[in-house]
Structures are given as C-alpha cells and as structure tokens.
Amino acid sequence: MMLTANQLSVRLGRRMILKDLSFSAMAGHVTAIVGPSGAGKSTLLAALTGDIDYSGSVTLDKRDLAKASAAELADLRAVLPQATPMSFPFTVLEVVRMGRLRRANDDRIAAEALARVGLVGFAGRFYQELSGGEQQRVQLARVLVQVWEPVGPKGPRWLFLDEPVSSLDIGHQLQVMQIIQQFAAQGGGVVMVMHDLNLTSMCADSVILMAGGTLLHQGGSQETLRNDLLSRAYGCRIAVNRTPETGVFLLPQVAMAAD
Amino acid sequence: MVDQTAPVVLAGDRSVTARHLTWVLLVLLGASAIAGLAIGAAGTSLWRALSDLLHGHDLSLRDRVVLLDIRMPRVVMGCMVGAALAVSGAVLQGLFRNPLADPGIVGVSAGASLGAVSAIVLGAALPFAGTFATWLVPVAAFVGAWITTILLYRVATRRGQTSVATMLLAGIALTALAMALTGILVYMADDAQLRDFTFWSMGSLAGSSWSKITIAGPIIIVPLLLSPLLATGLNGLSLGEAAAGHIGIPVQRLKASAVLIVAAATGAAVAVSGGIGFVGIVVPHLLRLASGPDHRYLLVNSALLGAALLVLADLISRVVIAPSELPIGIVTAVIGAPFFLWILLRQRGIVDL
C-alpha cells in the first residue's frame, strides 16, 4: 500500500542530481514534493516513474519498479508531465481516449473526466488550439481515465503529477486540487511535485522538502512548512502564517472558504 | 457517477469518417487500377479484350502480352510501391512525431539506393552472388534503408524528443553522404554494372515484371500487413516517448519495429522503382486533414491512397508524352514538391520546434 524509495541517487554525467533519498508515500494520502528550483524535484519524479536511470530502489506495493513492464505499470499508475506538446492535430477526445489504451474504451468515462476538469464542450476542439492551461487539464483528464477507479483489482492505483497546477488560474488550481484530494480519499495514492506552498499546505497529507538534491524533511504540512526549514531550503528568510502590514494579498485557503 | 445507460456520441470522434474514407479510397484504387489497365500507348483495349473473353474468343497474343505482361504487372507494382512509400511516410512521421518526415527527404531512400548500388557493383564479387543475384538488390536496399533510419533516429532524437531541425539537417547530411558513396561506386563499376545501374536508377515502373514482383513483393507486403500493429503505439508516441511508456506502450520495441518496417518497405520499393519522392509526405498529410491523425485508420488509408496515387501518376507519366514516357519520379515531384512547400508555408511553426 505504499511507494518506497530507498537510497535513491541519480547522476547526470559527473554531477549528482539526487543523493541517497529515502522516503515513503502512502496510498490514500497526497504526498507533495516541494523545494526551490534545481532542488531535483522533477528529477526525483522522473526517477520514481522510471524515466531516468537511478541507483537504489523504488518499490510500489513491494513491486520493484525497475523490473516491471510498461504495460504492468500502466495498469497501476498514471503520470502527468509538466507540459505535453503534441505533434499531430488530435482532438481533445482523441487525446483523452489515449488514457484507455490498455482498457476497453468508454466515451462516457472520457466525457465524465472532461467534465471533472472543467472542459465540458471541449471534446471536439483541436488540442493544439487550446491554451497551455487547457492543454494541461486535457492531459489531466487523460491521466484520470487511465486510473479511473482509485483502487483496482491489484490494489490502490497511483497518480504521479509534475506541477499539475503550475499553468492554471486560481479557480482551476482549486478544482484540480479537489480532484487530487478526492482520488486519495477514495484510496488511491498521489505523489506530486508542487511549486505553490499555499496549495501544498492545503492539500498535502505529507510534504517532502528537498534542497540541493537531498531530502531535508518529510512530514505533515504543519511540521514541514516551518520557518527554519523553509528558510534553509529556499535560501531566504521565510515567515509562515504572518500577514503583511500593507498591500493586497490573496490566499487560496480563503478562496476555498469563501465558496 | 457515470450514467451507464445513455449512449454517448461525443464531438471530436472522427473514427466513423475515417472508416467511410477507407471505402471511398478502395473505390478510387479500383478505378485507378482499371484506368491503368485500360489506358496505354499500345492500341490494346481492355474492353475489347474483355468482350472477346466473354464471347469465348481467345485473346490475341498481342493483347495478352500488353494486358497481362506489361500493364498488369505495372499496375500491381504501382500499387505495392505507392502503398509502401505512403505507409513508410506515415510510420516515419509517427516515429519522429513530425509531419515532415518522408523517406525521400530524411535520407532513407538515399540509404536504400546506396544499398542497391552496392549490391549491383560489389555483389558480383561475392561467392554466392550467382544464386542470389536477383534477391541481393532489394535485400541490400533494405539494409541500407535500415542503417540510415537507425542513424537518423540516433542523431535527431535526444531523451525521447525529436528536434525537427536536427532531423532535417541530418537527413540532408545522410543523403549527401549516401549519394557521394553511390558516386564512388559508380566510378568503380564496369560497363555491364553501369548499364544495370543506369536502368535501375531511372526511377520508374517501366521495368515492372512478374518476376520482379515475386522478388520484391514479399519484402513490401509483409511490413505493410504488420504495420497496423504499430497503430496504437504510434498514437501514444505522439504524447512523447516517456508519456507513451506511461500509458503502457513498450516504446523500445515499438521504435525498433517501426524502423524495421520503414526500412523493409522503403528499401524494397526503392530497389524496384528507384527513388520516387513525395508520396510519403503528401498522402498521410492529406489523410490527416480529412479524417485526423489516428494511426489505426491513417495507415490503412495511406496504403490505399498511396497505391491509387502512384498508379495514376504512372498513368500520367505514360500518356503525357506518349508513346515515350516521363520517369514517374518527375510526375510525383512536380505535384509533391509544391505541396511540401505549401505545408511549410501554412505551418511555419512546425520547423521551429
């Protein structure tokens, strides 16, 4: 029921990008990976999804990921990249259907997934003609139909998301965060790279704070998003839960509450 | 939750259009084949021959030779070569995730030519050449195309993303290299080999015969029949290599099979017909405009349209300056090259990737 990384290291040429990371993520939880740019967040996600070579081991429910076939893994987990440029003029529906490659196609599920990401009426549009944020939500719909039931016959299914909300406006950010939380609440596992610390603290059950290719801390958001840890990771003074004296500020936490 | 009862027909589903298109293309191919049989420089009429047969007369020797031994193998060869080039184009474009990849443009055809010429010039020195001489040329062309395609992929694709600029530039370099090596071989050739080479390089279907078809046919038809197995994989590959793997596609195996299929089909087509350009780029592009890029339909429809277009192009090459003939490569280039430029003009963005 969990994803475990043990002594995970990644080397690109002579440079160590990740050094001896060990952590675990539970199914039924949302696990967020945060840290400054260049900390190795995306590299870590790429290693967890098998896109790059690593030393050490990654196991998903005791299955060694390095030894599993693409087909086997596709039944267990779906991966959302930061951005997905596509080469041919596929329609939105055709893109979403690709998530069902290994399973019987069901356009009802595709329609439902598009509705969930707020793209009703987009099925016939060309993917290339959409904005970056809309494309990202189409890809999220594709990823969702792949792991449509958060718990499958072989146990919990997993979502690996690389900055799922970075190109979205605040309304859609909240919508996507709700989808992710719902997936975990129904028993699925979520591991995502996040930039936005507010959204992370709202949604994540477990936060992995990285800096310089190492793991600084893993724990609940209260415990991890602390002044000392954040200041160390980001290399600047950070104070959480303090309101500014002047100026306008906006927190997604409150946007949600005003609903 | 999802309503289980309501039937869903969503916008953006082009599979029905694509399947209808398959029937239209079958009719087009049938019509082109009949035209290819009926029209020609000799005064033989298909209709008179058919009515002769219906009335129980024997065909005159002349009609039989013209219809069965000249026009028919030519139509069959046109179908095979056209289908091979169009499907190779579609598969190559799917593999490179780019609509500009065409066996002729990115150097695969040049590699095949080099292979074929090597077989003509150096083949005589091989101990078993006598027995396998007829097989040697298409097989060598296949090997040449295979090596070129692998090289091209290695150069143009880094970490699962293809750079279009690198792909086109590598294509130019590979073509230049293959042509230079071909040139060296031509200088080394003796008179008889030079004669073989000259006939081969004319790039036409004029020399089509049943014996050539039995040799090249299997190397073209087997990959064509296998190509639909690549369809869902190529669809997934348009998401990028990593994402294709994540939806369950065995990417390495897919790429290796796609390269083999392209090399076999292009190699054999080039071996029997010389270089015929632009079929591989025009046909898939038109079909994508008509019914979308889904390879499950695109590959089949490309085979049909490619076959029909090449039979028609061959017909044009036979009748424009009858009783003499234009090389078919000129006909396809006159139609195809402006089309290629038109794609570039319309989609300037695709080269800047």
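Now for a quick tour of the structure.

Calculation rules
Residues numbered from 1 in each chain as written. Chains lettered and ligands numbered in written order. Predicted model: local features only at pLDDT ≥ 70, side-chain atom pairs only at ≥ 80, totals over all residues. Heavy atoms only, no water. Helix = DSSP H or I, 4+ residues; strand = E, 2+ residues; numbered from the N terminus. Buried < 20%, exposed > 50% of the residue type's maximum accessible area, 1.4 Å probe, protein only. Contact = heavy atoms within 4.5 Å. Areas by Shrake-Rupley, 256 points an atom, 1.4 Å probe, with all protein chains shown as cover. 1 Å grid on protein atoms, 1.4 Å probe; cavity = no way out; pocket = protein on both sides within 12 Å on 5 of 7 lines; lining within 4 Å. Points joined across faces, edges and corners; volume = space filled by probe spheres on them. Nonpolar A, V, L, I, M, F, W, Y, C, P; charged D, E, K, R; others polar. Pairing = 2+ DSSP bridges. Axes fitted to C-alpha atoms, helices over the stretch in contact; angles between N-to-C directions. Right-handed = clockwise from strand over helix to strand, strands pointing away. Left-handed = near helix turned anticlockwise from the far one by under 90°.

A few points about the overall build of chain B
In step 1: Tallying secondary structure elements over chain B gives 14 helices and two strands in all.
In step 2: Burial analysis of chain B (353 residues in total) assigns 54% to the buried set.
In step 3: Within chain B, contacts between residues separated by at least 24 positions form 78% of all contacts whose residues are at least 6 apart in sequence.
In step 4: Accessible surface for chain B amounts to roughly 15700 Å². Of this, 72% is attributable to carbon and sulfur atoms.

Structural notes on the layout of surface pockets
In step 1: Taken as a whole, the largest pocket encloses approximately 1400 Å³ of empty space.
In step 2: Lining the largest pocket we find 45 residues, and of these A:Gly50, A:Asp51, A:Ile52, B:Ala242 and B:His246 sit closest to its centre.
In step 3: No other element matches helix H1 (residues 41-48) of chain A, which puts six residues into the lining of the largest pocket.
In step 4: Counted by class, the lining of the largest pocket contains 24 nonpolar, 13 polar and eight charged residues.

Focus: the sheet that holds strand E6 (residues 77-80) of chain A
Residue and element names in this part refer to chain A.
In step 1: One open sheet accounts for six strands, arranged E6-E9-E10-E3-E11-E12; its pairing is mixed. The two strands at the open ends of the sheet, each matched to only one other strand, are E6 and strand E12 (214-219). Adjacent strand axes in the sheet meet at a mean angle of 15 degrees when their direction is disregarded.
In step 2: Where strand E3 (residues 30-34) and strand E11 (residues 206-211) come together, four bridges link them in parallel fashion. Bridging across to E11, valine 34 finds its partner in leucine 209.
In step 3: Strand contacts of helix H6 (residues 170-185): E3, strand E9 (158-162) and strand E10 (189-193), with the helix running at about 145 degrees to E10, the strand carrying the most contacts.
In step 4: Helix H9 (residues 227-234) contacts E3, E11 and E12 of the sheet and is inclined by roughly 40 degrees relative to E11.

A closer look at the pairing of E10(A)
All names here are of chain A.
In step 1: Burial runs high along E10: five of the five residues are buried.
In step 2: Burial of the side chains of E10 extends over both faces: Gly189, Val191 and Val193 are buried on one face and Val190 and Met192 on the other.
In step 3: Pairing of E3 with E10, which is carried by four bridges, proceeds in the parallel orientation. Within the sheet, the bridge partner assigned to threonine 31 lies in E10 and is valine 191.
In step 4: Relative to E10, E9 runs parallel, the two being bridged by five bridges. Paired with leucine 159 across the strands is valine 190, a residue of E10.
In step 5: For the segment spanning E9, H6 and E10, crossover handedness is right-handed.

As for the packing of helix H3 (residues 61-96) of chain B against helix H11 (residues 251-273) of chain B
All names here are of chain B.
In step 1: Relative to each other, H3 and H11 sit at 150 degrees, their axes nearing to 9 Å. When the axes of H3 and H11 are compared, the crossing they make is left-handed. Contacts between H3 and H11 involve Met77, Val81, Ala84, Leu85, Ser88, Val91, Leu92 and Leu95 on the former and, on the latter, Lys255, Ala258, Val259, Val262, Ala265, Thr266, Ala269, Val272 and Ser273.

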